[in-house]
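Chains, contacts and geometry: an overview
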Amino acid sequence: MIVEISSAPEVSGIFYWKNGDLMIYAAATILIEVPIFFLCGYRRAKDLILFAAVNLISNLLLNDFLSAVNSEWLTIYAVEIVVLALEFALCSYWIDGSRLKLLKTLILTNAVSFLSGVLFFLLN
Amino acid sequence: MKDKILFLYTVQHLTVDGICGAALAAYAVGEIYFEPIIFYFGMYNLIAFGLQTAAGFFLDKHQNFLRAAFILSLLSLGIGILPAIGIFAQVIFLGVGNCIFHVTAGSIVLQKFTGYKELGLFVSSGAIGLALGLNQLVSAQIFLMANAALTVLAIATFENPTTARISISKKVSAPIIFCAILLLSCVIMRGFGGGGNSAEYVMLFPIIFALGKFLGGVCCDKIGWQNTILLIFVLGFASLQFEGLAPLILLTLTFNMTMPLTLRLLHACNPKFPGLMFGLAAGCLLPGVFFKENFTIAVQAMVVVQFLILLAAWKIFNNEATMA
C-alpha cells in the first residue's frame, strides 16, 4: 500500500440535476440522436431506450468535463472521439447485430448532434 | 487448507504494511521539518514499490527461494523498526522487507487461486494495516510480533505453488503485450485518482480501499469480468451525480474494485512470471504518488477512460486466450 501524506479532504459532486443547462443539452442530444438511430434500423423499443440512456450518460459526462477544462476545439474533438468509443462500448453490451453497422450508426448520430450543437452556438 | 493459507497471507499483509506505517509514523511525529518527512516517505515508496518488479522477476526464476523470502522479509522489517540505525537505513530495510513480502505472497496467491475474490481479499488488508500503523493505533513492535508468528506459520505450511488452471494467453504475443500495457495504464491512472481521506474518520477510507478491492474480486467471480467493469462504470457515474462524503466513498470504492481484475488479468497475460507481473502492477502506482500534485485527471475522464481501457484489454485477451 502506497504511503501518502494526508491532505485536505476532497469532496466530489457534480450534481447534474441542479444544472439546468446540462440537462437541456442532454435532452436535445437524445431528441436528435434517437430518431436517427431508429432510422438506421434499430427498431426495438429496448434498443432505443438503452441508446437514449447511453446518450444521457455520455452527454452529461462530456459536457461536465468540457465545462471543467479549457474547451478548445482540439479538446472537443478528442473528447467527442472518446464519447463515441464510450457509446459503442456500452451499446455493445445489449444491442445485437453487426458491430460495424453499430459503429457507423453511432458515428452518424454523433456527427449530426455535434454539428447541430456547433450550429446552435454559432447562431447564438 | 488453501483458504487458511489465504487468510494467513492476508493477515500477514496487514501486519507487514502495519509495521512500515507504524515505523514511519514514529519517525514523522518526532521530525520538526516537513521536507525530510516527504523525502523519506517518497524514498520508502520508491523502494517498496519500485523494486517489486525486479524482486518478482528474481523470485519467478528462483522459486526455491520463496520460503527463504518470508524469513528475509521478516528480518528486514525487524531491523527497519529500530530507530538506532537512523531513518535512512530504516527506510531501506522497511522498503526492502515490504517489497519482498509483497512479491512473495502475491506470487503464491496468484498461482494457487483461480478466482478474483481471493486476490481481492489478499490485497485488501494492506490498506488497513498501513492506516493502523500510520495513525499509531497499533505500534510497530506489536505488528512485528504478529508478523513473526505468521511467518513461522507461513513457512510451516509452505508448498511450492503450481499455477492453477486458469484462462491464460496462448503465448506472449503483440496483442497480449498491448493488453498488459492497457492494464498497467489503468493502474497508473488509479494511482492518480484512487485515493481519498478524511481527517475526521481516519480509518474510513482505508476500510473503503480494502472493501473495494475485496468487492471487486467477489463481483468478478459472480458476474464476470465484463459485467463487473460495467458495474464499476455505472457506480462511478452514479457517484458523480451527488455531492458530499457518501458519493466520494462510492467513487473511491469503485476505483479500488478494479485492482483484483487488473492483477489477475495481468498474471494471465504472462502466467509463467507471477512475481514479475505483480511487481509491474505495484510499480505503476508510483507515478501517482510522485506526480499527483502536478498532474490531475478529471474524475469524469477517469471513470470513462478506465472503463474503455479495461474493456479493450478484456476483448484483446479473450481473442488470444486459451484454457491452461
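Residues numbered from 1 in each chain as written. Chains lettered and ligands numbered in written order. Predicted model: local features only at pLDDT ≥ 70, side-chain atom pairs only at ≥ 80, totals over all residues.

Within chain A one finds four helices and zero strands. Counted from the first residue to the last, chain A has its helices and strands arranged as α-α-α-α. Across the 124 residues in chain A, those meeting the buried criterion constitute 30%. Taking as baseline every contact in chain A between residues at least 6 positions apart, the subset at least 24 positions apart corresponds to 60%. (Helix = DSSP H or I, 4+ residues; strand = E, 2+ residues; numbered from the N terminus. Buried ≥ 20, exposed ≤ 12 C-beta atoms within 10 Å, placed from the backbone. Contact = placed C-beta atoms within 7 Å.)

Turning next to the domain arrangement of chain B. All names here are of chain B. Segmenting chain B into domains produces domain 1 (2-156) and domain 2 (167-323). Each of domain 1 and domain 2 was reduced to a C-alpha centroid, and the two centroids are 22 Å apart. If you list the elements that add at least two residues to the side of domain 1 that touches domain 2, you get α2 (34-50), α3 (52-61), α5 (87-112) and α6 (117-134). When residues in the side of domain 1 that touches domain 2 are grouped by element, the largest group, 12 residues, is from α6. (Domains from an automatic or database assignment.)

We now examine the environment of B:Glu320. With respect to the secondary-structure elements, B:Glu320 resides in helix α14 (residues 299-320). Residues B:Glu320 and B:Ile181, 139 residues apart in the sequence, show an inter-C-alpha distance of 15 Å.

Right, let's get into the nonpolar core. All names here are of chain B. Counting 132 residues, the largest nonpolar core has Ile19 and Ala313 as its most contacted members. For this core, the two domains that each supply at least three residues are domain 1 (2-156) and domain 2 (167-323). Among residues more than four places away in sequence, those in contact with Ala313 are Cys179, Leu182, Leu183 and Leu265. (Core = buried A, V, L, I, M, F, W, Y, C linked by C-beta atoms within 7 Å.)

Below, the discussion takes up the confidence of the model for chain A. Residues and elements named next belong to chain A. Overall, the prediction assigns chain A a mean pLDDT of 81, with 81% of residues at 70 or greater. Within chain A, the lowest mean pLDDT, 87, falls on helix α2 (residues 45-68), and the highest, 91, falls on helix α4 (residues 99-123). pLDDT under 50 marks residues 1-13. Its contacts with residues more than four places away, or in other chains, come to 38 contacts. (pLDDT = per-residue confidence, 0-100.)

Looking now at the packing of helix α10 (residues 225-239) of chain B against helix α11 (residues 245-269) of chain B. Residue and element names in this part refer to chain B. Viewed as axis vectors pointing N to C, α10 and α11 meet at an angle of 160°, and their least axial separation amounts to 8 Å. Taken together, α10 and α11 sit at an angle that is classed as roughly antiparallel. Crossing of α10 against α11: the hand is left-handed. Taking contact as the criterion, the partners of Trp225, Thr228, Ile229, Ile232, Leu235, Gly236, Ala238 and Ser239 in α10 are, on α11, Pro247, Leu250, Leu251, Thr254, Met257, Thr258 and Leu261. (Axes fitted to C-alpha atoms, helices over the stretch in contact; angles between N-to-C directions. Parallel < 35°, antiparallel > 145°, perpendicular 65-115°, else oblique. Left-handed = near helix turned anticlockwise from the far one by under 90°.)

Attention now moves to helix α7 (residues 140-156) of chain B. Residues and elements named next belong to chain B. The terminal C-alpha atoms of α7 lie 24 Å apart, and with 17 residues this matches the ideal 24 Å at 1.5 Å per residue to within 8%. By the burial criterion, the buried members of α7 are Ala140, Phe143, Leu144, Asn147, Leu150, Thr151 and Ala154. Buried residues of α7 fall within an arc of 130° about the axis and therefore sit on the same side. Looking at the buried side of α7, the elements it contacts are α1 (2-30), α4 (66-80) and α6. (Expected span 1.5 Å × (residues − 1). Arc of directions from axis to C-beta.)

Residues and elements named next belong to chain A. One can describe the packing of helix α3 (residues 73-94) onto α4 by two numbers: an axis separation of 10 Å at closest approach and a directional angle of 140°. With respect to their mutual orientation, α3 and α4 come out oblique. Here α3 and α4 pass one another in a crossing that is right-handed. Counted together, Glu80, Val83, Leu84, Glu87, Phe88, Cys91 and Ser92 of α3 and Arg99, Leu102, Leu103, Leu106, Ile107, Asn110 and Phe114 of α4 form the full contact between these two elements. Residues that form the contact of α3 with α4 fall into these classes: nine nonpolar, two polar and three charged. (Nonpolar A, V, L, I, M, F, W, Y, C, P; charged D, E, K, R; others polar.)

With that settled, consider the environment of A:Phe51. Residue and element names in this part refer to chain A. Tracing the sequence through the fold places Phe51 in helix α2. According to the C-beta neighbour criterion, Phe51 is buried, with 26 such atoms within 10 Å. As for Phe51 and Asn124, which are separated by 73 residues in sequence, their C-alpha atoms are 29 Å apart. Setting aside residues up to four positions removed in sequence, Phe51 forms contacts with Val34, Phe37, Tyr42 and Cys91.

With that out of the way, let us pick up α2(B). Residues and elements named next belong to chain B. With 17 residues, α2 ought to run about 24 Å at 1.5 Å a step, and its terminal C-alpha atoms sit 23 Å apart, in line with that. Those residues of α2 that sit buried are Tyr40, Phe41, Tyr44, Asn45, Ala48 and Phe49. Down the axis, α2 shows its buried residues gathered within 140° of arc, on one side only. Exposed residues lying more than 90 degrees from the buried face of α2 are Glu35 and Ile38. The inward-facing, buried residues of α2 contact α1, α3, α5, α12 (274-283) and α13 (286-291).

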